[in-house]
Amino acid sequence: MASEAVARSIKAELFERFGEDFAVDPELAGLDGLEKIAGHRSHRRYLSRPVEPDLLRLLCACALSAPSKSDLQQCDIVVVGDMAVRKAIVATIPDMPWIMDAPVFLVFAANGARLPFMCKMHDKPFPNDHLDQFFNAAVDAGIVLATFLRAAAAVGLGCCPISAIRDQAQTVSDLLNMPPRVIPVAGLTVGWPAEAGEITPRLSLSTTVVENTYGSAKAADEIAAYDRRRAASRPYRRQRNAGRWGEVPFYGWSEDKARQYAEPTRMDFGSFVRRKGFCVD
Ligand SMILES: Cc1cc2nc3c(=O)[nH]c(=O)nc-3n(C[C@H](O)[C@H](O)[C@H](O)COP(=O)(O)O)c2cc1C
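Residues numbered from 1 in each chain as written. Predicted model: local features only at pLDDT ≥ 70, side-chain atom pairs only at ≥ 80, totals over all residues. Heavy atoms only, no water.

> Kindly report on the overall build of the protein chain, identifying the contributing residues and their values.
Looking only at helices and strands, the protein chain features 13 helices and four strands. Its C-alpha radius of gyration of 21 Å places the protein chain within 12% of the 19 Å reference for a compact globule of 281 residues. Expressed along its principal axes, the backbone C-alpha trace of the protein chain runs to roughly 55 × 50 × 45 Å. Considering the protein chain as a whole, with its 281 residues, one finds that 36% of them fall into the buried category. In the protein chain, once contacts between residues fewer than 6 apart in sequence are set aside, the share between residues at least 24 apart is 75%. Counting only carbon and sulfur atoms, one obtains 57% of the accessible surface of the protein chain, whose full area is about 16100 Å². Computing the positive centroid from 34 side-chain charges and the negative centroid from 34, the protein chain places the two 4 Å apart. (Helix = DSSP H or I, 4+ residues; strand = E, 2+ residues; numbered from the N terminus. Rg over C-alpha atoms; globule rule 2.2 N^0.38 Å. Buried < 20%, exposed > 50% of the residue type's maximum accessible area, 1.4 Å probe, protein only. Contact = heavy atoms within 4.5 Å. Areas by Shrake-Rupley, 256 points an atom, 1.4 Å probe, with all protein chains shown as cover. Lys, Arg positive; Asp, Glu negative; His and termini not counted. Charge placed at Lys NZ, Arg CZ, Asp CG, Glu CD.)

Right under this line is the structure:
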């Protein structure tokens, strides 16, 4: 695509996402990469075309080229090629058939085991066993996951992260034979997209980009404005848990998220993390 066309495409994608205009200089280097990022969408339907092992290996290498806190390299990628294991993981999650359908299923793990192991190797104490260690490993895993998404998009693959594997984290950890201090952060389905997918609108930048210090933002107004903008292009097809909360005339994003988080989920995740040997104090 000529650079003017790519610039136009980025503007259109960001308008759809944020409902605002952004200046995009057609002379800017790297517009093609930016276009892929601006046009991000999760893909949950895939062609039966396989993802070649060499390509998967290349994408893992690109993802693991991401920056890492103190160069500690605390993220592992588990390639779940064994369909029996994948089936057992899917069995812990209702209603997400795309995990079975995807040509590739990965699990991004936070590995907090290597660092204390290296301290032992070198006969050193490890006095830093506290929440920050857990946080560092989890953040590293998130960054590697995000970098994998970008790498996959660059070659035309589609992905969907799956945090639902943490619904029964202990079972998934056991199925993947994760050692102490290694926990699943998110799964990822990967494949050649069967459909273009849709851009999901996001909160306005005036809500999520803070200039210097947090002011007295009008959270309710901003969220309500986003609810309306999002409902205009991506209305919800059904109202979550209408049995408990009833049907409301206007059902927006914030109502949906409030309903989602009105139900207890992953209440035992903290105890799972502690059982796995992380200190989170
Ligand atoms: C850490 C993480 C976990 C996610 N877990 C799930 C999941 O379990 N199931 C699912 O269908 N989508 C999951 N998603 C995808 C989100 O639902 C999706 O990113 C969000 O709805 C916005 O849509 P978009 O990615 O197309 O912009 C996850 C995304 C992230 C970043």
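> Run through the pairing of strand β3 (residues 158-162), naming residues and quoting values.
β3 sits mainly inside the fold: four of its five residues count as buried. With five bridges joining them, β3 and strand β4 (residues 182-191) adopt antiparallel strand pairing. Looking at the pairing, C159 lines up with V190 of β4. (Pairing = 2+ DSSP bridges.)

> Before we move on, could you go through helix α1 (residues 3-18) and cite the residues and values that matter?
Working note: α-helix, 3.6 residues per turn, so residues spaced by three or four point in the same direction. Counted at 1.5 Å a residue, the expected span for α1 with its 16 residues is 22 Å, and the 22 Å between its end C-alpha atoms agrees. Within the span of α1, buried status applies to V6, A7, S9, I10, E13, L14, R17 and F18. Take α1 and look down its axis: the buried residues cluster within an arc of 160°, on one side only. In this structure, the buried side of α1 is in contact with α2 (31-38), α9 (205-208) and α10 (219-233). Directly beyond the C-terminal end of α1, a positive phi value near 70° is found at G19. (Expected span 1.5 Å × (residues − 1). Arc of directions from axis to C-beta.)

> How would you summarise the sheet that holds strand β1 (residues 75-79) if you had to cite specific residues and measurements?
The strand order across the open sheet built from four strands is β1-β2-β4-β3, with neighbouring strands paired in antiparallel fashion. Strands with a single pairing partner mark the edges of an open sheet, and in this sheet they are β1 and β3. With direction set aside, neighbouring strand axes in the sheet form an average angle of 25°. As paired elements, β1 and strand β2 (residues 104-111) share five bridges and run antiparallel to each other. Opposite V78, over in β2, you have V107 as the bridge partner. (Axes fitted to C-alpha atoms, helices over the stretch in contact; angles between N-to-C directions.)

> Go over the environment of A63, please, and point to the residues and values.
Positionally, A63 belongs in helix α3 (residues 53-63). Judged by its relative accessible area of 0%, A63 falls in the buried class. Distance from A63 to T213, taken between C-alpha atoms, is 32 Å for residues 150 residues apart in sequence.

> For the packing of aromatic side chains, give the residues involved together with the corresponding values.
Inspection of every chain in the model, using the stated rule, returns six aromatic pairs. Aromatic side chains F108 and F148 sit 5.9 Å apart centroid to centroid with 75° between the ring planes, which places their arrangement in the edge-to-face category. With F108 in strand β2 and F148 in helix α7 (residues 131-154), this residue pair connects regions lying 40 residues apart in the sequence. The pair F108 / F148 is uniform in exposure class, with both members buried. Between R166 and the ring centre of F269, over which it is positioned, the NZ or CZ distance is 5.6 Å. (Phe/Tyr/Trp six-rings, centres within 6.5 Å; stacked < 30°, edge-to-face > 60°. Lys NZ or Arg CZ within 6 Å of the ring centre and 35° of its normal.)

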